[in-house]
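Chain and residue survey
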Amino acid sequence: MNSKTDVAKREFIRGPALEVLVPRSKGKPFDEGILIAEQGRRVIASCLRMDRALVGSEEWRSISEVFACWTGTMTAYVEPNTRFRDSKNVQRVASLDNGHYQIYTDPDTGIRYLFPIYEEHLDASNRLLLSEHPNYSLVHDGNDRIVKPVADNLVDKVDKFPARGDAWYVTEPVHGIPQGEQTNGSTSDQSVLWRIDSRVGPVGRGDDYYGWDGDDGRYVVLDDRPSDGLGVAVEAPEGGRAAEAPQRLQVEAAPEKKGVVIAATIEQMKELVGRAGAAVQELSATVLSEKLEPIRNLLEALQIKE
């Protein structure tokens, strides 16, 4: 089993602003989008954070090229009025400490998404489970994508998760998920839920099913396939990349011409290598792998080992 990143040991760039990491025009399946984000130490904006940008705000205009987009809110829910324990999609997985996992198979690719169902949730029904990026990593194990929370207590729940999609509900205030009884959509604290019977996957936001008409920003999309190519928005410091950009590297001749001295801090080098890695990952979709191999080798040699 191979995890591309160790989220628990990495420091991520965070901030109150939003920034486009992957525009919708170059949309990625979620497992590729999160890899690009983590290689650059970026945090995928949550469903709630996107809600604040899309509802009652013009902030979405500054990142309009990202929509429709994935959020970092990873979720799991089973059939309406069914306990997790009784769902046909929840089973013990011997290779994962024999724990209970909900399994969703993407019908386009056959890739399986697995979300851990802890003992305290097995007897719950009409409950949505979730974890927010970067509180989890997405572990690649062959054709499986395993949601691995950094800690057990970083899986949260939303009770009274509606059984019906394509309807209005009050938006719960912690994660931005529709909840409770059906409403009429007359106030800004309500959103439209899109769901299927059972699914493991991230929340999508900004879908324009019928063409952008103002209400689309209030869609909370829990029926997209993780293989769909969507955009990715990330948290950013106030002022965006300019506020966090490293100083230009200064390369000078070393004494007695014994090489060069690169005038950069370790943090600056980490930042540059991370961004370069994310760029290579994005290029890999259009450039032959062997053409990028020398760059990958160089980035590996420049990795800061701790």
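**Let's talk about the overall build of the chain**
Looking only at helices and strands, the chain has five helices and 17 strands in total. Across the 306 residues that make up the chain, the buried fraction comes to 51%. By sequence separation, contacts in the chain at least 24 residues apart represent 68% of the contacts at least 6 residues apart.

**Re the sheet that holds strand 3 (residues 90-93)**
The mixed open sheet is built from five strands, whose spatial order is 3-4-5-8-7. Two strands in the sheet have a free side with no partner beyond their single neighbour: strand 3 and strand 7 (136-141). In this sheet, neighbouring strand axes are inclined to one another by 35° on average, regardless of whether the strands run parallel or antiparallel. Across four bridges, strand 3 lies against strand 4 (residues 99-105) in antiparallel orientation.

**Let's talk about the environment of His-140**
By secondary structure assignment, the location of His-140 is in strand 7. Take His-140: its relative accessible area is 17%, and that puts it in the buried class. For the pair His-140 and Asp-31, spaced 109 residues apart in the sequence, the C-alpha separation amounts to 8.7 Å.

**Remarks on the state of the cysteines**
All told, the structure shown has zero disulfides when counted by the stated rule. Not part of a disulfide, Cys-47 finds its nearest cysteine sulfur in Cys-69, a span of 9.5 Å. On the accessibility criterion, Cys-69 (0% relative accessible area) is buried.

Quick notes on the rules
- Residues numbered from 1 in each chain as written.
- Predicted model: local features only at pLDDT ≥ 70, side-chain atom pairs only at ≥ 80, totals over all residues.
- Heavy atoms only, no water.
- Helix = DSSP H or I, 4+ residues; strand = E, 2+ residues; numbered from the N terminus.
- Buried < 20%, exposed > 50% of the residue type's maximum accessible area, 1.4 Å probe, protein only.
- Contact = heavy atoms within 4.5 Å.
- Pairing = 2+ DSSP bridges.
- Axes fitted to C-alpha atoms, helices over the stretch in contact; angles between N-to-C directions.
- Disulfide = S-S within 2.5 Å.

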